[in-house]
Amino acid sequence: MALTKLNSASVIERLPTGSVIQTVFHTWNDTATVTGSSYEDVNGSSFNFTPTLASSSLIIQCNISSYLSRSATTMGSGYKVQVDGTDVQPYATNNYTDYFSMSGSGTIIKSFTFVNKYNNTNTNAKAIKLVHNVFADTTGSSGLGGVNDGGNFYSNFLVKEIKG
């Protein structure tokens, strides 16, 4: 649900380029765990955003409470934002937005934020979500990574539609 949205075409037309047209905030605390190197959806992260203008840009900010748990060796976790099942921006060679790793055994919890820009081309509803995976040392024991450990933490998206 939009926190603010301008519904009058005449008002929107008068706004200068770069104006915020609407803002949506999506919060979830579902636990999402992944143990493999394939990207998987983060439970609770998916929501729909319907742009007002076909020529706008979406600034998508994602704030994540992430964790890794491992009994030995090194592992890391990667995250990407997708709109309608497509990565929002090209990623580095290792194919992730953010990455952190740990060596040895234990659990680490880390909060981080990243911001992506999506160039909108129509006013169709967009399915926005977070996907994640883990990278593990192939000689080590199994581990897992995830979001919102035990449902005790919250993650969120903040999406702003910017007039083009």
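Just above sits the structure.
Residues numbered from 1 in each chain as written. Predicted model: local features only at pLDDT ≥ 70, side-chain atom pairs only at ≥ 80, totals over all residues. Heavy atoms only, no water.

(A) Here's a closer look at the overall build of the chain. Each helix and strand in the chain was counted, giving one helix and 13 strands. Written out in order from the N terminus, the α and β elements of the chain read β-α-β-β-β-β-β-β-β-β-β-β-β-β. Nonlocal contacts in the chain, meaning residues at least 24 apart in sequence, comprise 81% of its contacts between residues at least 6 apart. For the chain, the accessible area works out to roughly 7900 Å², and carbon and sulfur atoms hold 49% of it. (Helix = DSSP H or I, 4+ residues; strand = E, 2+ residues; numbered from the N terminus. Contact = heavy atoms within 4.5 Å. Areas by Shrake-Rupley, 256 points an atom, 1.4 Å probe, with all protein chains shown as cover.)

(B) Quick peek at the nonpolar core. Of all hydrophobic cores here, the largest spans 22 residues; its most connected members are Ile60, Ile64, Val81, Phe114, Ile128, Leu130 and Phe157. For this core, the secondary-structure elements that each account for two or more residues are strand 2 (20-28), strand 5 (47-49), strand 6 (57-70), strand 7 (74-83), strand 10 (106-119), strand 11 (126-136) and strand 13 (155-162). Examining the composition of this core, we find that four residues originate from one element, strand 6, more than from any other. Not counting residues up to four positions away in its chain, the partners in contact with Ile64 are Tyr79, Lys110, Ser111, Phe112, Phe114, Leu130, Val147 and Ser155. (Core = buried A, V, L, I, M, F, W, Y, C linked by side-chain atoms within 4.5 Å. Buried < 20%, exposed > 50% of the residue type's maximum accessible area, 1.4 Å probe, protein only.)

(C) Inspection of the pattern of salt bridges at higher detail. Counted under the stated rule, the structure contains two salt bridges. Asp41 serves as the salt-bridge partner of Lys129, at 2.9 Å between the closest nitrogen and oxygen. Of this pair, Lys129 sits in strand 11 while Asp41 sits in strand 4 (residues 40-41); the two residues are 88 residues apart in sequence, bridging distant segments of the chain. We note a salt bridge from Lys80 to Asp87, for which the minimum N-O separation is 3.1 Å. (Salt bridge = Lys/Arg side-chain N within 4 Å of Asp/Glu carboxyl O.)

(D) The arrangement of the side chain of Asn120 in detail. Positionally, Asn120 belongs in the loop between strand 10 and strand 11. Take Asn120: its relative accessible area is 6%, and that puts it in the buried class.

(E) Molecular detail of unusual backbone geometry. Here the phi dihedral of Asp84 falls at roughly 50 degrees; this positive angle occurs in a residue that is not glycine. Tracing the backbone shows Asp84 in the loop between strand 7 and strand 8 (86-87). Despite not being glycine, Asn148 shows a phi value in the positive range, around 60 degrees. Examined against the element boundaries, Asn148 turns out to sit in the loop between strand 12 (143-147) and strand 13.

(F) Spotlight on the environment of Lys80. When you line up the elements, Lys80 lands in strand 7. Since its relative accessible area comes to 5%, Lys80 is described here as buried. Along the backbone, Lys80 and Tyr39 are 41 residues apart, and their C-alpha atoms lie at a distance of 8.6 Å.

Purely geometric numbers; function is a separate question.
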